Structure formats: C-alpha cells, structure tokens
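Listed here are the chains, written in short residue letters.
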Amino acid sequence: MREQGLTTITLKKINKEKVYQYIYEQKQTSKQQIVQELNMGLSTVSQNLNALEQEGLISRDGYFESTGGRKAQIIQIVSDFKIAIGVGILKNMFHIVAVNLYGEAVAKEIVSMDYSDTDEYYTKVTDDIEKFIKKNQYKDEQISGVSIATQGIISPDGESVTYGKIMDNSDMRLSDFSDKLPYPCRLEHDSKAAADLELWNHPEIDSAVVFLLNRNLGGAIITNRSVHQGTGMHSGSLEHMCINHDGPMCYCGNRGCLETYCSANSLEAAAGVPIKEFFPEMREKNNNIFKQIWEDYLKHLAYAIKNLNMVIDGPVIISGYLAPYFIDEDIDFMCENINAVTPFPMSKENIMVGLHGQFTPAIGAALYYVNRFIS
Ligand SMILES: [Zn+2]
C-alpha cells in the first residue's frame, strides 16, 4: 500500500514538472496545446495547471487570437517566481543584477567603491545587496541565491580566492559575504561566470574560447557545454599567455602576457584617454593615431585567437566591457589577420560578440541559481 502511494505521488510530481517545463520552454501556450503535445488527459493537465497556479509558478492572463472556436487562455510561467542575484566585484566598483527565470537581467546597479579586504567593505557590499532587493520589492523567499563573481582564481571547494593579484583579494572568503546575508551564496571566478552567460545565450555551442575584455583580461574554455575548471582551477587563463618575451611587464611578474596588449587597461594606457572617449574619437572623429592603436589591439587579439583556435577548434566569443564597442569591420579585420596564412581558416561566423558588456560576469554568476531551479 505504502509503496503504491509513493509511486502515485512520484508520478504526480513528474507530471507537474513536465507541464511546468513545457510551459517554460514554450513561453506562451494554451491548455489544449499542453494536452496535445504532452499526450496527457485533459483532467490531468487541468489538475496540474491548478496546482502550479496555486503555488504561484504560472499565470493565466489574456487570450490568444481566436482561430475559429473559443479563444484559448494564455498560460505562461511567472518569470520572477525566483530571482537570482548576481554580483560582480571589481577593483573600483561592483555590479549587482537581478536575474529572472529566463536568465534576463531585470534590474541592474553599479556602485563605485574601492575594494579592500576589510569588514567595512564586505558590510557595504552586503548592505547594498539587501537595499537592492528591497528597492526592487523582491520578497526574501523569492531570492534563490546570491552569486558573487570576482577577479581571481577560486579554490576547488568554492570557499575562497586562491590567486588574486589584481585586486589583492587572495584572502577573500565566501563567508565574508555569506555570514552577512540570509540567502544561499556562492563565489565564482568572473571569467568563468562570463562563460556561463555565453553558454546560456548560445545553446548550439559545444566548445568555445571566451575572451573577457574587461579592465583586466580574462578568459575561459568551454568544452562539452561546460566551463573547464582544471586541476588548479585556472583553465582558460589566456590573459597570461605570453605573446612577446620582451613585451611589457605584466602584474603576474612575466613579460608580454596577452594582458599587457588586450586588456581594456592596456588599451587605455596606449591611448592616454578613457575608453569612453577613445571609441567616439576614433570612429566619429577619425583620429588616425587612435585608429592605429585600435588596429594594433585587434592584431594582438587576432594572434591570440588564431593560436587558441589550434587548441580548441570551435567558436571564439568576445565578451565583457569592450565587447559592445566592436563593430562588424573589426571582426573582418581580425579574420583577415587570422586567415592570412593558416592551415585552418576560421570563418567569420565563428567569432561572436557578447551583448551584456560590463554586467556579463554578474549575470553569468546569477545563472547558477536559475539553472538549479529550472533543472
Ligand atoms: Zn601575466
């Protein structure tokens, strides 16, 4: 008897999940469509829809245009039933985003503040996260978790930063945040979080190289639809690939790392003006010196892309702060450089540009909790 009861309960749960998943994937659907597509009885579907509606997971609002008979009611999931908070910690600022169940950033904020490994700093960040949640009128139970992306390599157990030279955050611990917040929390390397967002946006991708063109360069390797971590958690640290033995000094102590040629900081240093002024000056005012600097930048990036494409034969995704500044001609120019002499030419379609700019790591980090709820 008992076993029988359990089986029925399990079956009911599976059916409910199936219905929810179907609505989630369709975005908008009708009862009749669910009955047909899932091969379920009308009464089973009705029961599940009632249960899902009562739990607040779905809503029934409005009607589809009539195709003859009675108008069908529009069924969709409640996309903010759970909200994941993503935080991107940088040297001089942090980003906070709220991400709904469709992975959309529905609220964003930038706070200027210098990082320091102090209680004062962590208190300010966590207070601002709480304020952000209140301001956007999210209820505590709506928050699925707070995912914090930071520069630096994270320990395999996710509890601390193990290499954090840029921000000097090698002592940063997950507990610095989680002790002050009433939600599940996690810590993630910002480049890997960025790769998670690109994976979300490109369901067709199996393997790829991700460049995070932020103030400091970052990168990640995607294989088999997951971000490669590595034994020491530093897979994809393409910023420290040496492209010139005699090049400029990198913060890691070596010379000529890609960081010193392709980070936003290096571009800014070469131009002598902030990025925000550099691009309009170059593109609209045709500043020839800036054009030359940008060409050099693209050549170095193309050189790295060409080499990495020999290791991972897949698309390259350009993401992060500088990504929104890229135009079609830049990709053409890089392709010319990559394919000038090569055994394996790369097609233009294999160079993709991310859409979320500086918010990429924060949004990508939040997706961890979205994925967990959806699956
Ligand atoms: Zn380096």
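Residues numbered from 1 in each chain as written. Predicted model: local features only at pLDDT ≥ 70, side-chain atom pairs only at ≥ 80, totals over all residues. Heavy atoms only, no water.

## Here's the deal with the overall build of the chain
- Helix and strand content of the chain: twelve helices and 14 strands.
- With the principal axes as the frame, the chain shows a C-alpha extent of 75 × 50 × 45 Å.
- Going through the 375 residues of the chain one by one, you find that 50% of them count as buried.
- Expressed as a percentage of contacts within the chain between residues at least 6 apart in sequence, the contacts between residues at least 24 apart total 60%.
- Of the roughly 18500 Å² of accessible surface on the chain, 49% is carried by carbon and sulfur atoms. (Helix = DSSP H or I, 4+ residues; strand = E, 2+ residues; numbered from the N terminus. Buried < 20%, exposed > 50% of the residue type's maximum accessible area, 1.4 Å probe, protein only. Contact = heavy atoms within 4.5 Å. Areas by Shrake-Rupley, 256 points an atom, 1.4 Å probe, with all protein chains shown as cover.)

## Some points on the coordination of the zinc ion
- Donor atoms from the polypeptide that bind the zinc ion are His240 (ND1), Cys250 (SG), Cys252 (SG) and Cys257 (SG), placed at 2.1 to 2.4 Å.
- One chain supplies every donor to the zinc ion, and in sequence these donors are spaced H-x9-C-x1-C-x4-C.
- Judged by relative accessible area, which is 6%, Cys250 ranks as buried. (Donors = N, O, S within 2.8 Å, 3.2 Å for Na, K, Ca; no water.)

## Quick look at helix α11 (residues 328-339)
- If you check α11, its first and last C-alpha atoms are 17 Å apart, about what twelve residues at 1.5 Å a residue would give, namely 16 Å.
- Within α11, the full set of buried residues consists of Asp330, Ile331, Phe333, Met334, Cys335 and Ile338.
- Packing partners of the buried residues in α11 comprise α9 (275-283), α10 (288-311), β13 (316-319) and β14 (351-353). (Expected span 1.5 Å × (residues − 1).)

## Here's the deal with the packing of aromatic side chains
- Applying the stated criterion to the full structure yields 17 aromatic pairs.
- When the centroid spacing of 5.1 Å and the interplanar angle of 80° are considered together, the rings of Tyr122 and Phe177 count as edge-to-face. Placement of Tyr122 in helix α4 (residues 119-135) and of Phe177 in helix α5 (residues 174-178) is noted, with a sequence separation of 55 residues between them.
- Residue classification places Tyr122 among the buried positions, given a relative accessible area of 3%.
- By relative accessible area, Phe177 is classed as buried at 0%.
- Residues Phe278 and Phe290 carry aromatic rings whose centres are separated by 5.0 Å and whose planes lie at 35° to one another, so their mutual orientation is tilted. With Phe278 in helix α9 and Phe290 in helix α10, this residue pair connects regions lying twelve residues apart in the sequence. As far as the burial class goes, Phe278 and Phe290 line up, both buried.
- Aromatic rings pair up to connect Phe278, Phe279, Phe290, Trp294, Tyr297, Tyr321, Tyr325 and Phe326 into one cluster.
- One Lys or Arg, Lys27, reaches over the ring of Tyr102 and ends 4.7 Å from the middle of that ring.
- Over the ring of Tyr368 we find Arg186, and its NZ or CZ is 3.8 Å from the ring centre. (Phe/Tyr/Trp six-rings, centres within 6.5 Å; stacked < 30°, edge-to-face > 60°. Lys NZ or Arg CZ within 6 Å of the ring centre and 35° of its normal.)

## A look at the nonpolar core
- Membership of the largest hydrophobic core comes to 41 residues, with the highest contact counts inside it found for Phe211, Tyr297, Leu301, Leu322, Phe326 and Met334.
- When residues in this core are grouped by element, the largest group, ten residues, is from α10.
- The next biggest cluster of nonpolar side chains, apart from the first, holds 31 residues, and it includes Ile89, Ile96, Val125 and Ile129. (Core = buried A, V, L, I, M, F, W, Y, C linked by side-chain atoms within 4.5 Å.)

## Concerning the environment of Phe326
- Examined against the element boundaries, Phe326 turns out to sit in the loop between β13 and α11.
- According to the relative accessible area criterion, Phe326 is buried, its value standing at 9%.
- Separated by 70 residues in the primary sequence, Phe326 and Gly256 have C-alpha atoms spaced 24 Å apart.

## Thoughts on unusual backbone geometry
- Despite not being glycine, Lys27 shows a phi value in the positive range, around 70°.
- Along the chain, Lys27 falls in the loop between α1 (2-26) and α2 (31-38).
- One non-glycine residue, Asn39, lies in the positive phi region at around 55°.
- One can find Asn39 in the loop between α2 and α3 (42-54).

## Considering the sheet that holds β14
- Across the sheet, five strands lie side by side as β12-β11-β10-β13-β14; this open sheet has mixed pairing. If you trace the sheet from one side to the other, it starts and ends with β12 (226-227) and β14, each paired once.
- Strand direction decides the pairing type here: strand β11 (residues 217-223) and β12, joined by two bridges, are antiparallel. Note on β12: the bridge partner recorded for Thr223 is Ser226.
- In the packing of α10 onto the sheet, the strands contacted are β10 (208-213) and β13, and the crossing angle to β10 comes to about 155°.
- Sheet contacts for α11: β13 and β14; angle to β14, the most-contacted strand, approximately 155°. (Pairing = 2+ DSSP bridges. Axes fitted to C-alpha atoms, helices over the stretch in contact; angles between N-to-C directions.)

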